Amino acid sequence: MIMRVMGEGQFQVGDDHLNHLNQLDDELLTALEAGDEERFRVSLGKLLAAVRQYGTPLPDDSLEPSDLILPNVEATITEVTAMLRGEGDGLIPGFPD
């Protein structure tokens, strides 16, 4: 799956890491729903760090379409809430175990 982190670029992330990323996304969603700014910052940072850790950066001139677009680390709660895919889904859609 190709994930774009706004302002950073694209990362190719293997399917074997999607469940872990989805768990981090669930933590982010919980923080968003609670309006907890501190927990939101930590959760967003953990999610983006995991994408960088597990993903392989694509070249800047790559023309691959992104499967997901993630906010940058400085995004606000309001901006991330606007990016949500649907009620309860978070930024990364659920995947079966």
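Residues numbered from 1 in each chain as written. Predicted model: local features only at pLDDT ≥ 70, side-chain atom pairs only at ≥ 80, totals over all residues. Heavy atoms only, no water.

**Student:** Go over the pattern of salt bridges with me, naming the residues and quoting the values.
**Tutor:** Tallied over the full model, the rule gives three salt bridges. Of the charged contacts in the structure, one is a salt bridge between R52 and E8, with a shortest N-O distance of 2.8 Å. Here E8 lies in the loop between β1 (2-5) and β2 (9-13) and R52 lies in helix α2 (residues 37-54), a separation of 44 residues in the sequence. Among the ionic pairs, E27 bridges to K46, the shortest N-O distance being 3.0 Å. Of this pair, E27 sits in helix α1 (residues 18-34) while K46 is found in helix α2, placing the two residues 19 residues apart along the sequence. K46 gets classed as partly exposed once you look at its relative accessible area, which sits at 39%. (Salt bridge = Lys/Arg side-chain N within 4 Å of Asp/Glu carboxyl O. Helix = DSSP H or I, 4+ residues; strand = E, 2+ residues; numbered from the N terminus. Buried < 20%, exposed > 50% of the residue type's maximum accessible area, 1.4 Å probe, protein only.)

**Student:** An account of the environment of V73 is requested, with residue identities and associated values reported.
**Tutor:** As for its position among the elements, V73 is in the loop between β4 (68-70) and α3 (77-83). Separated by 25 residues in sequence, V73 and L48 have C-alpha atoms that sit 7.3 Å apart. Non-local contacts of V73, meaning those with residues more than four positions away in its chain, are made with R41, L44, G45 and L48. (Contact = heavy atoms within 4.5 Å.)

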